[in-house]
Amino acid sequence: MVTQYKLHRQTLVLLISLVHLCMPVCVDVQSDTEAIVGKAMKLTCISCLKREEVTVKTFVKWLYTPSPTKGKNISYLIYEYNTNNSNVDDNPFKDRLNWNGSKDLQEVSIEIRNVTHNDSGLYTCEIRRLFDFELYTPVFEVNKTINLTVKEKASDDTTAIYSEIMMYVLLVFLTFWLLVEMVYCYRKISKSDEQAQDTAY
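The paragraphs below set out a description of the structure included in this document. (Residues numbered from 1 in each chain as written. Predicted model: local features only at pLDDT ≥ 70, side-chain atom pairs only at ≥ 80, totals over all residues. Heavy atoms only, no water.)

1. So, the nonpolar core
Then, in step 1: Core analysis: the largest hydrophobic core is formed by 24 residues, its most contacted members being L43, W62, I78 and Y123.
Then, in step 2: Secondary structure elements with two or more residues in this core: β2 (41-43), β3 (56-66), β4 (76-81), β6 (110-112), β7 (121-131) and β8 (139-151).
Then, in step 3: If you tally residues by element for this core, the top one is β8, at four residues. (Core = buried A, V, L, I, M, F, W, Y, C linked by side-chain atoms within 4.5 Å. Buried < 20%, exposed > 50% of the residue type's maximum accessible area, 1.4 Å probe, protein only. Helix = DSSP H or I, 4+ residues; strand = E, 2+ residues; numbered from the N terminus.)

So this is what it looks like as structure tokens:
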């Protein structure tokens, strides 16, 4: 009994240590590109760190280029993340932007509240990382672009439609298969009952 208790205790300690070793995994996911008028829209920007144990300073800028009108392409700085976590005051998105990044700054997404038709255009996420090594400080830069389209209502998701059709097809097939199995089992039981009655006589 004492040996079994010790075994359970050692297993519990092992499981707890394994849970502590588990680390969250970073996955680079593409942002949605369709927004709905009046709804909130998350602009996803993820840049995974290859080695999380390295000390790094991260600076983020979000730029917005409206849909081209009269041949002019003007980019606005709409959000800037640094040590002060500062929003940019003078831009078309004033009081409508939320920081939606992760604590480790592998995700540096933002969210636009109350989307309007004027929010259509090109969004650029600029990430600049300064790695702190003993001998030198390398710089890593990456830019990600999101071409956002604003619509009055959500368009039909073809994947969801195909999934629903496949679900109904599978449901009909399984129902038919179950019915065939029931008939087969019923006939088999009937035959065995008849054979039992024949042997009884």
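2. Observations regarding the sheet that holds strand β5 (residues 97-99)
The pairing of strands in a sheet happens through backbone hydrogen bonds and is either parallel or antiparallel.
Then, in step 1: Pairing is antiparallel in the open sheet, where three strands are placed in the order β2-β6-β5. The open sheet terminates on both sides in strands that have one partner only, identified here as β2 and β5. Pairwise comparison of adjacent strand axes, ignoring direction, gives a mean angle of 25° for this sheet.
Then, in step 2: Sheet topology places β2 next to β6; three bridges connect them, and they run antiparallel. Bridge pairing in β6 links L43 to I110. (Pairing = 2+ DSSP bridges. Axes fitted to C-alpha atoms, helices over the stretch in contact; angles between N-to-C directions.)

3. Regarding the state of the cysteines
Then, in step 1: Counted according to the given criterion, the structure contains one disulfide.
Then, in step 2: The side chain of C45 participates in a disulfide bridge whose partner is C125; the two sulfur atoms lie 2.1 Å from each other. Given an S-S torsion of about -80°, the disulfide between C45 and C125 has left-handed geometry. Here C45, found in the loop between β2 and β3, pairs with C125, found in strand β7; they are 80 residues apart in sequence, far enough to count as distant.
Then, in step 3: Exposure remark for C125: the relative accessible area of 0% places this residue in the buried category. (Disulfide = S-S within 2.5 Å.)

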